[in-house]
Amino acid sequence: MLNGGPGAVPAGGLVAARPKPVRGRTGMLAVGAFLVAALAAVPVVVVLGALFVPAGEIWAHLASTVLPRYVANTAMLALIVALLTFTMGVTTAWLVTMCAFPGRRVFEWAMLLPLAMPAYIIAYTYTGLLDFAGPVQSGLREAFGWDRNDYWFPVVRSLPGAAVMLGLVLYPYVYILSRAAFMEQSVCALETSRTLGLGPVASFWRVALPLARPAIVTGLALALMETVGDFGTVQYFAVDTFTTGIYRTWIGLGETAAATQLAAVLTLAVMALLLVERWSRGRARFHHTSGRYRALRRARLRPGLAALAFVACLMPVLLGFVVPAGQLLYWALGTPLVGDYFRLVGSTLSVAVAAALIAVAVGVLLAYAQRLSPGRATGVAIRVASIGYAVPGAVMAVGVMLPFAWFDNRLDELMRSTFGVSTGLILSGTVIALLFAYVARFLAISFNTVESSLGKVTPNMDRAARSLGERPRGMLFRIHLPMISGGLLTAAMLVFVDVMKELPATLILRPFGFNTLAVKAFEMASDERLAEAAAPALAIVVAGIVPVIILSRAIARSRPGHHEAR
Amino acid sequence: MDALRFEGVSHAYDTGPSLLGIDLAVRDGEILCLLGPSGSGKSTLLRVAAGLEVPSEGRVLIDGRTVAEDGRSLPPEERNVGLVFQDYALFPHLTVLDNIAFGLKDMGRQERRARARDILGRVGLADYADRYPHALSGGEQQRVALARALAPKPHLMLMDEPFSGLDAGLRDTVRDATLELLRAEHATTLIVTHDPEEAMLTADRIALMRAGRVVQVGTPDELYRHPNSDFVARFFSQVNEIRGAVVAGHVETRIGRFCVSDDSLADGEQAQILLRPEAIGWQPPDGGVEATVLSSRSMGAETVTRLSLADGTVLTARMRERPLARGSRVQLTVASDEAFVFPAP
């Protein structure tokens, strides 16, 4: 008798103390998780399914008209963005990690700021700044007495212009990952290279860069996924790519089948990038040099070089964040708020909060299902649903619209034939469709965040709690919830901000008369009312800073070799 | 000529001084171990030799050539030293052969590969040339790291805890093979370790460091048998400590009389007597110092016995006899000539 003394334990107490079989309950959990994950995977499956639908005529038509232009433009855009993000991301990551120069500590996190700036916002800000009537060209004309035809000025609203805009806000992906790789590389590898006779520059090219290659490729793949999925920038600059093509074919021409075909091709491209990303993440394991870290001895730069390094790090932050944010602030302060601004904020916040809560709840459900009864079916469904994050918003919209419309029509038919009542469209064109698209698109973020924070609760902690007499429910509240609550909050915030920024899916799926800040900013900008677009845009940028803070704190905490090991 | 000389070398990190006026010479072809607790500066000294740290004061010479002086320092790539890290730091993106050929310069591609293959054969990994480091075991990685460092025929080999990443069983074999190769190459070697047993198994001479200074230099036997301070005596094994006052050049204690060998202790001063466990033995009761057995455990070849004197002093003895029964009483014998007498702190 361990507790209560003789007689306190009723007959059969020992038997009752054995853990109850839990199969039934976790079985339910697994089924529920599978259904939810499968539902979230529907849009991706629908769009990819279009590849197997014979569409001979549509294809011939597309191929003879727009397709070559879409392919060429998208590829060109991706190429320039890749070059820009590689150069900016890797250079700044190396400088900030390996060299000592004034301002380095600030740049460590400031380099991330452009992440808060959606590409379509920076695009119209620079248009306002650099257009013929903008302050820069006007200033030049005034200063030099030029006239309209006296000088050449780069055209912002062009394909290269769009690439620069995208490059300026996407380079942080490459920066974050290559910086992590540079920090993780055992300094020993670099030092060994030095003792084997290579100078610092040669060591960078022959050791540091090849070692960071998987991380750099991962960062580039992420940046390119955003690039090919971008809608706002290219639409605003009138560059024809797949996303604008889908939008125009669907909304403008009403040709849903053709739009779906385009969406399917774009999804294939994104999935190819996704494969590259996964593959190089896997490679990174082999490029791991050491479990032992030494605090970096940063090379102190001579004044001239230090100034160069400072400028090299300053330019991306200045051009990617400070200048556009400043211009937005200037516009916003000088323009009265649009009449329905606060209603706009309200509707944006409510969809963003709703989507965040649903995404986190679903994320928790999936993470627990995977933990308690890992099964093949659930695993596959989760993985397919996670692709949603890589799928461009325009594609996601198509993938949601099709099944919802199908469902509405079938229901309508059924009701009419049996009851003689028409139900019309009860799901498509409602906030439900919009929320569904958001959750399907951003589920991967919440799931991954929840999963990794749940991973900190080791199975042995569960066992320890159970052996100390805690019931599963108590375990959930006393151990799991306190340990993962931070992760849940992070997940909710990340989804919240992504929903706030989301443009193309909202544009296509929103109910009639429903607006978000992103849509409003985009519409105003498209109407050349740049100054009025500033206030909603600024709200999005401010919200976008939240994940930047979360990110930079996470990076600071996970830094290997942070403590002196000597 | 000395292969490596430190003359009054000092160095500081942002966090504080790490080396305080080191004078040390490594002879040609010698294997010298830098031994010391963590934070004693041994790794820093190795890094100064490699050119990875710049000394703030003093001079460093390799083969008679000054490589660091007055805060200026020849960069590592111009020193021709071989470096082996605890984690080996193999280049994961290169094959084993390319790793080894990495430092070979001023020769044709064919010649480089031939030289790399040759040295790879000598560490017994000829069949591994085209593998990648992640496919090798820890011991194999260590051998590749060694081969890579030796390939350019360095003036000096520097090894930072080269064996501590290996399992205990593997360590002895790898160490023996490494030493054999270093001797065959007649490579002057500086090895950093925190493990006194490893230093004794490896070194021709040991330099024991503490708080940025070299405390004592000598052969393993010299340091073990003739430590110049209680720090050195305590570093190599557990010791028994007895205190007493000096009277007429001797210290009288309850386990015997100990001679003060040098003049560091004047009459009336407090002394500490340090005795290694193997200096204590026993015999059947016949009127010597009595002790009670607290515990006695066989470690295989030896027996470790904890003994309690009448006044509660506890001593540890280590000897070849079989274990004694707990609580039994024995007479102690003390090899007083093996005792170390130092001023009490």
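Predicted model, so just to flag it, every value in this text is computed and none were measured. (Residues numbered from 1 in each chain as written. Chains lettered and ligands numbered in written order. Predicted model: local features only at pLDDT ≥ 70, side-chain atom pairs only at ≥ 80, totals over all residues. Heavy atoms only, no water.)

1. Describing the overall build of chain B
Point 1. Per the secondary structure count, chain B includes 8 helices and 21 strands.
Point 2. With 345 residues in all, chain B has 52% of them scored as buried.
Point 3. Restricting to contacts in chain B with at least 6 residues of sequence separation, those with at least 24 account for 64%.
Point 4. Of the roughly 15,300 Å² of accessible surface on chain B, 47% is carried by carbon and sulfur atoms.
Point 5. Counting 38 positive and 49 negative side-chain charges, chain B places the centres of these two groups 4 Å from one another. (Helix = DSSP H or I, 4+ residues; strand = E, 2+ residues; numbered from the N terminus. Buried < 20%, exposed > 50% of the residue type's maximum accessible area, 1.4 Å probe, protein only. Contact = heavy atoms within 4.5 Å. Areas by Shrake-Rupley, 256 points an atom, 1.4 Å probe, with all protein chains shown as cover. Lys, Arg positive; Asp, Glu negative; His and termini not counted. Charge placed at Lys NZ, Arg CZ, Asp CG, Glu CD.)

2. Observations regarding the overall build of chain A
Point 1. Scanning chain A from terminus to terminus reveals 23 helices and 2 strands.
Point 2. On C-alpha atoms alone, chain A measures out to a radius of gyration of 27 Å, which is about the 24 Å that the 2.2 N^0.38 rule sets for 566 residues.
Point 3. Overall size of chain A, expressed as C-alpha extent along the three principal axes, is 105 × 85 × 50 Å.
Point 4. Across the 566 residues that make up chain A, the buried fraction comes to 52%. (Rg over C-alpha atoms; globule rule 2.2 N^0.38 Å.)

3. As for the pairing of strand β12 (residues 240-247) of chain B
Residues and elements named next belong to chain B.
Point 1. With 6 bridges joining them, β12 and strand β15 (residues 270-275) adopt antiparallel strand pairing. When the bridges of β15 are listed, Arg243 appears paired with Gln272.
Point 2. The pairing of β12 with strand β13 (residues 250-253) spans 2 bridges and is classified as antiparallel. Looking across to β13, one finds that Val246 is bridged to Val251. (Pairing = 2+ DSSP bridges.)

4. Topic: the UniProt feature "domain: ABC transporter" (unreviewed entry) in chain B
Point 1. The sites that carry the UniProt feature "domain: ABC transporter" (unreviewed entry) are, in the present numbering, residues 4-236 of chain B.
Point 2. Spanning residues 4-236 of chain B, this segment combines 34% helix with 28% strand, and its end C-alpha atoms are found 26 Å apart. (UniProt positions renumbered as here; feature names shortened; annotations may be inferred.)

5. Overview of the packing of helix α12 (residues 242-252) of chain A against helix α17 (residues 393-419) of chain A
Residue and element names in this part refer to chain A.
Point 1. Two numbers describe how α12 lies on α17: the axes approach to 9 Å, and their chain directions differ by 35°. Across the interface between the two elements, Thr243, Ile246 and Trp250 from α12 touch Ala394, Val395, Val398, Met401 and Leu402 from α17.
Point 2. Among the residues forming the contact of α12 with α17, the class breakdown is 7 nonpolar, 1 polar and no charged. (Axes fitted to C-alpha atoms, helices over the stretch in contact; angles between N-to-C directions. Nonpolar A, V, L, I, M, F, W, Y, C, P; charged D, E, K, R; others polar.)

6. Some words on the sheet that holds strand β1 (residues 2-13) of chain B
All names here are of chain B.
Point 1. As summarised here, the arrangement of the 5 strands in space is β2-β1-β4-β5-β6, forming an open sheet in which the pairing is antiparallel. With one partner strand each, in any of the chains shown, β2 (16-27) and β6 (72-73) form the two edges of the open sheet.
Point 2. With 8 bridges joining them, β1 and β2 adopt antiparallel strand pairing. Residue pairing across strands places Phe6 opposite Leu24, the latter belonging to β2.
Point 3. Packing of helix α1 (residues 42-50) onto the sheet brings it into contact with β1, β2 and β4 (57-62), and relative to β1 it is tilted by some 120°.

7. Notes on the packing of aromatic side chains
Point 1. Per the stated rule, a full pass over the model turns up 21 aromatic pairs over all chains.
Point 2. Judged by centre distance (5.9 Å) and plane angle (55°), the ring pair of Tyr70(A) and Phe242(A) falls under tilted. On the criterion of sequence distance, the pair formed by Tyr70(A) in helix α4 (residues 67-98) and Phe242(A) in helix α12 is long-range, its members being 172 residues apart. Take Tyr70(A) and Phe242(A): they sit in the same class, and that class is buried.
Point 3. For the pair Phe235(B) and Phe236(B), a centre-to-centre distance of 6.3 Å together with 75° between the ring planes defines the contact as edge-to-face. (Phe/Tyr/Trp six-rings, centres within 6.5 Å; stacked < 30°, edge-to-face > 60°.)

8. Side note on the interface of chain A and chain B
Point 1. Taken together, the contacts link 25 residues of chain A with 28 residues of chain B.
Point 2. When chain A packs against chain B, close to 2,700 Å² is buried across both sides, 58% of that on carbon and sulfur atoms.
Point 3. Run the count over chain A and chain B and you get 2 salt bridges.
Point 4. The salt bridge partner of Glu77(B) is Arg194(A), with a shortest N-O separation of 2.6 Å.
Point 5. Connecting chain A to chain B are 4 residue pairs in polar contact (both at pLDDT 80 or more).
Point 6. Taken together, the elements giving at least two residues each to the side of chain A that touches chain B come down to α9 (187-195) and α10 (200-229) of chain A.
Point 7. The biggest single contributor to the side of chain A that touches chain B is α9(A), with 7 residues.
Point 8. Here the side of chain A that touches chain B is built from residues that sort into 9 nonpolar, 9 polar and 7 charged. (Buried area = accessible area lost by both parts, 1.4 Å probe. Salt bridge = Lys/Arg side-chain N within 4 Å of Asp/Glu carboxyl O. Polar contact = N/O pair within 3.5 Å; in protein donor to acceptor, adjacent residues only side chain to side chain.)

9. Brief notes about the side chain of Asp498(A)
Point 1. Within the fold, Asp498(A) resides in helix α20 (residues 472-501).
Point 2. Excluding anything up to four places from it in sequence, Asp498(A) contacts Tyr389(A), Phe442(A) and Ile445(A).

10. As for the state of the cysteines
All names here are of chain A.
Point 1. Under the defined criterion, the tally for this structure stands at 0 disulfides over all chains.
Point 2. Looking at the unpaired Cys99, the closest cysteine sulfur is the one in Cys313, lying at 8.9 Å.
Point 3. By relative accessible area, Cys313 is classed as buried at 0%. (Disulfide = S-S within 2.5 Å.)

11. Quick word on the environment of Met396(A)
All names here are of chain A.
Point 1. Within the fold, Met396 resides in helix α17.
Point 2. Of the residues examined, Met396 reaches a relative accessible area of 2% and is grouped as buried.
Point 3. For the pair Met396 and Met493, spaced 97 residues apart in sequence, the C-alpha to C-alpha distance is 21 Å.
Point 4. The contacts of Met396, once residues within four sequence positions are left out, are Pro43, Gly388, Val391, Ala437, Ala440 and Arg441.

12. What to know about the UniProt feature "domain: ABC transmembrane type-1" (unreviewed entry) in chain A
Point 1. Summarizing the sequence annotation, UniProt attributes the feature "domain: ABC transmembrane type-1" (unreviewed entry) to residues 71-277 and 345-551 of chain A in the numbering used throughout.
Point 2. Across residues 345-551 of chain A, the secondary structure splits into 81% helix and 0% strand, with the terminal C-alpha atoms separated by 25 Å.

13. Concerning the pattern of salt bridges
Residues and elements named next belong to chain B.
Point 1. Overall, the coordinates contain 34 salt bridges over all chains when judged by the stated rule.
Point 2. For Glu30, the salt bridge is made with Arg205, and the minimal N-O distance between the two is 2.4 Å. Placement of the pair is Glu30 in the loop between β2 and β3 (31-35) and Arg205 in strand β10 (residues 205-210), with a sequence separation of 175 residues. Just as Glu30 is buried, Arg205 falls in that class too.
Point 3. The structure contains a network of salt bridges with shared partners spanning Asp2, Arg5, Glu7 and Arg59.

14. A closer look at the nonpolar core
Point 1. Membership of the largest hydrophobic core comes to 211 residues, with the highest contact counts inside it found for Tyr124(A), Phe6(B) and Leu190(B).
Point 2. If you tally residues by element for this core, the top one is helix α8 (residues 159-184) of chain A, at 16 residues.
Point 3. Aside from chain neighbours lying at most four places away, what touches Phe6(B) is Ile22(B), Asp23(B), Leu24(B), Leu45(B), Val48(B), Ala49(B), Arg59(B), Val60(B) and Leu190(B).
Point 4. Counting 46 residues, the second largest nonpolar core, distinct from the first, contains Ala116(B), Ile119(B), Tyr128(B) and Leu208(B). (Core = buried A, V, L, I, M, F, W, Y, C linked by side-chain atoms within 4.5 Å.)

15. Some words on the sheet that holds strand β14 (residues 256-259) of chain B
Residue and element names in this part refer to chain B.
Point 1. Overall, antiparallel pairing links the 5 strands, which are arranged β14-β13-β12-β15-β21 in an open sheet. Edge positions in the open sheet fall to β14 and β21 (340-343), since each of these has one partner strand only. Going from strand to strand, the sheet's axes swing by 35° on average, the running direction of each strand aside.

16. Concerning α8(A)
Point 1. Here α8(A) spans 37 Å end to end across 26 residues, near enough to the 38 Å set by a 1.5 Å rise per residue.
Point 2. Maximal helix bending in α8(A) amounts to about 45°, located at Val169(A); proline Pro172(A) follows within four positions. (Expected span 1.5 Å × (residues − 1). Bend = angle between axes of the 7 residues up to and from the residue.)

17. Notes on the confidence of the model for chain B
Point 1. Per-residue pLDDT for chain B has a mean of 90; in total, 99% of the residues score no lower than 70.
Point 2. Both scores are available for the predicted complex, with the pTM at 0.78 and the ipTM at 0.73. (pLDDT = per-residue confidence, 0-100.)

18. Comments concerning the packing of helix α19 (residues 459-467) of chain A against α20(A)
Residues and elements named next belong to chain A.
Point 1. Where α19 meets α20, the axes come as close as 10 Å, and the angle between the chain directions of the two elements is 135°. Classed by the angle they form, the pair α19 and α20 counts as oblique. Where α19 crosses over α20, the two elements pack in a sense that is right-handed. In this structure, α19 contributes Met461, Asp462, Ala465 and Arg466 to the contact, and α20 contributes Pro472, Met475, Ile479, His480 and Met483.
Point 2. Taken together, the residues of the contact of α19 with α20 sort by class into 6 nonpolar, 1 polar and 2 charged. (Parallel < 35°, antiparallel > 145°, perpendicular 65-115°, else oblique. Left-handed = near helix turned anticlockwise from the far one by under 90°.)

19. Details of a nonpolar patch on the surface
Point 1. Side chains of Phe310(A), Val311(A), Met315(A), Leu319(A) and Val323(A) sit close together on the surface and give an oily, nonpolar patch of about 340 Å² of accessible area.
Point 2. With respect to the helices and strands, Phe310(A) occurs in helix α14 (residues 303-334). (Patch = residues over 30% accessible without salt bridge, like charges linked within 9 Å, V, L, I, M, F, W, Y side chains within 5 Å.)

20. So, the domain arrangement of chain B
Many authors give the size of an interface as the accessible area that is lost as the parts come together.
Residue and element names in this part refer to chain B.
Point 1. Domain boundaries in chain B define domain 1 (2-233) and domain 2 (237-343).
Point 2. The straight-line distance from the C-alpha centre of domain 1 to that of domain 2 is 39 Å.
Point 3. Each partner contributes to the interface: domain 1 provides 8 residues, whereas domain 2 provides 8 residues.
Point 4. Between domain 1 and domain 2, roughly 630 Å² of surface is buried when both sides are summed, and carbon and sulfur atoms account for 55% of that area.
Point 5. In terms of surface lost to domain 2, no three residues of domain 1 exceed Tyr224, Asp230 and Ala233, which account for 76% of the buried area on that side. (Domains from an automatic or database assignment.)

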